[in-house]
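Observations on chain architecture
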Amino acid sequence: MSKNVFLALLLFVGITAMAQEKKERRPEREKLTTEQKVDLQVKKMTQDLSLNDKQVKEVRAIVTKQVEKREEKRAEMEAKKAEMKIKKAEMKAKMTEEQAALTTEMKKVLTPEQFTKWEKIREEKKANVKEKMKERRGKKDSKELPND
């Protein structure tokens, strides 16, 4: 019983530590309204560039358009991201279904020994593919960006 409690506590501490580490890497930003974003940007430009009243009005109009376009793009990208998640889940379900059908067909044709051997070979191939994908990801991550 105490082993289970200890393992649960250890798991909890590990998860908590990972969650805190993730927060440190990318802290959540405050969600500002469009108007607040425009105000901040215009205020900074007014200070940095010593804008007069006329320029402030014109810059505010330009910045407002820019911020609105940026937010539209961000919303569009989020929608596409959600759509891709759905498509990916559908494709995965279809592949799983096809794999199950293949297994059923092969089980009808092969002897039990052949079927066991076929499944073992199939699992080895799957493991090799996973390993190659890991290697590819590792190479992508380790490539350095060219200097400017």
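Residues numbered from 1 in each chain as written. Predicted model: local features only at pLDDT ≥ 70, side-chain atom pairs only at ≥ 80, totals over all residues. Heavy atoms only, no water.

Turning our eyes to something else, we now look at the nonpolar core. Here is a general trend for soluble globular proteins: nonpolar side chains tend to be buried in one another's company. Counting seven residues, the largest nonpolar core is built from Val38, Val42, Leu51, Val56, Val59, Val63 and Val67. Looking at this core, the elements with two or more residues in it are α2 (34-49) and α3 (53-109). Looking at this core, the element that brings in the most residues is α3, giving four residues. The contacts of Val56, once residues within four sequence positions are left out, are Val42, Thr46 and Leu51. (Core = buried A, V, L, I, M, F, W, Y, C linked by side-chain atoms within 4.5 Å. Buried < 20%, exposed > 50% of the residue type's maximum accessible area, 1.4 Å probe, protein only. Helix = DSSP H or I, 4+ residues; strand = E, 2+ residues; numbered from the N terminus. Contact = heavy atoms within 4.5 Å.)

Taken as a whole, this structure holds one aromatic pair when the rule is applied. Taking 5.8 Å as the distance between ring centres and 35° as the angle between the ring planes, the aromatic pair formed by Phe115 and Trp118 counts as tilted. Taken together, the positions of Phe115 and Trp118, both in helix α4 (residues 112-142) and three residues apart, correspond to about one turn of that helix. When sorted by exposure, Phe115 lands in the same class as Trp118, which is buried. (Phe/Tyr/Trp six-rings, centres within 6.5 Å; stacked < 30°, edge-to-face > 60°.)

Our next topic: α3. Taking 1.5 Å as the rise per residue, α3 with 57 residues should run 84 Å; its terminal C-alpha atoms sit 83 Å apart, in good agreement. Within α3 the residues assigned to the buried category are Val56, Val59, Val63, Val67 and Thr103. (Expected span 1.5 Å × (residues − 1).)

Looking now at the confidence of the model for the chain. For the chain, the average pLDDT comes to 85, and 77% of its residues sit at 70 or higher. For the chain, helix α1 (residues 2-25) is the element with the lowest average pLDDT, namely 64, and α3 is the one with the highest, namely 94. (pLDDT = per-residue confidence, 0-100.)

On to the side chain of Thr103. On the secondary structure map, Thr103 appears in helix α3. Polar side-chain contacts of Thr103 include one of 2.9 Å to the backbone oxygen of Gln99. Apart from the residues lying within four places of it in its own chain, the contact partners of Thr103 are Phe115, Trp118, Glu119 and Arg122. (Polar contact = N/O pair within 3.5 Å; in protein donor to acceptor, adjacent residues only side chain to side chain.)

This paragraph deals with the pattern of salt bridges. Under the defined criterion, the tally for this structure stands at six salt bridges. For Glu71, the salt bridge is made with Lys37, and the minimal N-O distance between the two is 2.9 Å. Of the two residues, Glu71 is situated in helix α3 and Lys37 in helix α2; the sequence distance between them amounts to 34 residues. The exposure class assigned to Lys37 is partly exposed, which follows from its relative accessible area of 25%. With a closest N to O distance of 2.7 Å, Asp39 and Arg60 form a salt bridge. Here Asp39, found in helix α2, pairs with Arg60, found in helix α3; they are 21 residues apart in sequence, far enough to count as distant. Exposure remark for Asp39: the relative accessible area of 29% places this residue in the partly exposed category. Take Arg60: its relative accessible area is 29%, and that puts it in the partly exposed class. (Salt bridge = Lys/Arg side-chain N within 4 Å of Asp/Glu carboxyl O.)

The next thing to look at is the packing of α2 against α3. Two elements in contact, α2 and α3, have axes separated by 9 Å at closest approach and are oriented at 135°. With respect to α3, the axis of α2 lies oblique. Note on packing geometry: the crossing formed by α2 with α3 is right-handed. Contacts between α2 and α3 involve Thr34, Glu35, Lys37, Val38, Asp39, Gln41, Val42, Met45 and Thr46 from the first element and Val56, Val59, Arg60, Val63, Thr64, Gln66, Val67, Glu68, Arg70, Glu71 and Arg74 from the second. By residue class, the composition of the contact of α2 with α3 is seven nonpolar, five polar and eight charged. (Axes fitted to C-alpha atoms, helices over the stretch in contact; angles between N-to-C directions. Parallel < 35°, antiparallel > 145°, perpendicular 65-115°, else oblique. Left-handed = near helix turned anticlockwise from the far one by under 90°. Nonpolar A, V, L, I, M, F, W, Y, C, P; charged D, E, K, R; others polar.)

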